[in-house]
Amino acid sequence: MTIGDELAALFHRDLTRLAQQLPAFTDQSAVWQCVPGIGNSAGNLILHLEGNLREYVGRVLGGCPYSRARDEEFAAFGIPVADLATRIEEMRRLVPAVIGRLSDEQMEATFPDDPLGSPIPTRQFLISLHGHLNYHLGQIDYLRRILTRGTAIEYAQL
């Protein structure tokens, strides 16, 4: 199994886990609520993850047309949960497919963009993106638990 295959599987698993969060919001309006001291709703974090993955995996690595509006990811409000679920599902198909097609040479080549301020191999940038996904997935889970008085959910496995 290549590093591309492993990363594709991890992104698929964790985007599935992100999708599992939405139905666990027993009050769908809570997806757009914030708690004191926290500036972003779960909905905004989902939009941010979508923008991040569409930009760096879809557009930069996959050649898929996309024009990111990062400020909108944090300003949007009230998008129906069904639409968010559709967006996550699109990412669940797109991201692993693009990553899974990358050759070992592409993985070791310098990432074609410079979002972190210094050149790094594509492999390392994808590992960073995976960490970013999980960082915000944890925030979404915690917000959901606070806002709905919910508990842990049984996450998808590899």
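Now for a quick tour of the structure. Numbering of residues starts from 1 in each chain and follows the order in which that chain's sequence is written. Since the coordinates come from a predicted model, pLDDT governs what is reported: local features require at least 70, and pairs of side-chain atoms require 80 or more to be given and counted, while whole-chain, interface and lining totals use all residues. Each side-chain value is derived from all of the structure's non-hydrogen atoms; neither hydrogens nor water enter the calculation.

Before going further, it helps to examine empty space enclosed by the protein. Cavities and pockets were defined on a 1 Å grid built over protein atoms only: a cavity is a set of grid points that admits a 1.4 Å probe from which the probe cannot escape, a pocket is an open set flanked by protein on both sides within 12 Å along at least five of seven lines, and lining residues are those with an atom within 4 Å of any such point. Grid points are joined across faces, edges and corners, and a volume is the space filled by probe spheres set on the points. Taken as a whole and assessed by the stated rule, the structure comprises one cavity of 30 Å³ or more. Roughly 30 Å³ of volume is contained in the largest cavity. Around the largest cavity sit Leu15, Leu18, Ile46, Leu49, Glu50, Leu53, Ile88 and Met91, which together line it. Elements are defined by DSSP. Helices are runs of H or I of four residues or more, strands are runs of E of two residues or more, and each kind is numbered from the N terminus. Mapped onto the lining of the largest cavity, the elements with two or more residues apiece are helix H1 (3-24), helix H2 (42-61) and helix H4 (81-101). Looking at the lining of the largest cavity, the element that brings in the most residues is H2, giving four residues.

The next thing to look at is a negative patch on the surface. Patches draw on residues past 30% relative accessible area with no salt bridge. Two like charges within 9 Å are joined, as are two nonpolar side chains (Val, Leu, Ile, Met, Phe, Trp, Tyr) within 5 Å. Areas reported here follow the Shrake-Rupley algorithm with a probe of radius 1.4 Å; residue values treat only the protein chains shown as occluding. By definition, a salt bridge exists where a carboxyl oxygen of Asp or Glu is found within 4 Å of a side-chain nitrogen of Lys or Arg. Charged-residue counts in this description rest on Lys and Arg as positive and Asp and Glu as negative, His and the chain ends being excluded. Every charge is mapped to an atom, namely NZ of Lys, CZ of Arg, CG of Asp or CD of Glu. On the surface, Asp5, Glu6, Asp104 and Glu105 cluster together to form a negatively charged patch. For the negative patch, the secondary-structure elements that each account for two or more residues are H1 and helix H5 (104-108). Structurally, Asp5 is set in helix H1.

Moving on, we come to unusual backbone geometry. In the Ramachandran plot, Arg149 falls in the positive-phi region, its phi being about 55° despite a non-glycine side chain. Secondary-structure assignment places Arg149 in the segment after helix H6 (122-148). For Arg149, a relative accessible area of 77% corresponds to the exposed category. The classification of residues rests on relative accessible area computed with a 1.4 Å probe and restricted to protein chains. Under 20% of the type maximum is buried, over 50% is exposed, and intermediate values are partly exposed.

What follows covers the nonpolar core. It is characteristic of soluble globular proteins that their nonpolar side chains tend to be buried jointly. With 42 residues, the main nonpolar core has Leu18, Val57, Leu84, Val95, Ile99, Leu126 and Ile140 as its most contacted residues. Mapped onto this core, the elements with two or more residues apiece are H1, H2, H4 and H6. At 10 residues, the largest contribution of residues to this core is made by H2. It only takes one pair of heavy atoms within 4.5 Å for two residues to be counted as in contact. Setting aside its immediate chain neighbours within four residues, Val95 contacts Phe11, Leu15, Leu53 and Val57. Take the buried residues of types Ala, Val, Leu, Ile, Met, Phe, Trp, Tyr and Cys, join any two whose side-chain atoms come within 4.5 Å, and each joined set is a nonpolar core.

A separate point is the packing of aromatic side chains. Paired rings are identified among Phe, Tyr and Trp, the last through its six-membered ring, by centres lying within 6.5 Å, and are further divided according to the angle between planes into stacked (under 30 degrees), edge-to-face (over 60) and tilted (the rest). According to the stated counting rule, one finds four aromatic pairs in the structure shown. Ring geometry for Tyr56 and Phe125: centres 5.4 Å apart, planes at 80°, overall edge-to-face. Taken as a pair, Tyr56 in helix H2 and Phe125 in helix H6 lie far apart in primary sequence, 69 residues in all. Using a relative accessible area of 14% as the deciding quantity, one classes Tyr56 as buried. Residue classification places Phe125 among the buried positions, given a relative accessible area of 3%. Within the aromatic cluster, the residues linked to one another by ring pairs are Tyr56, Phe111 and Phe125.

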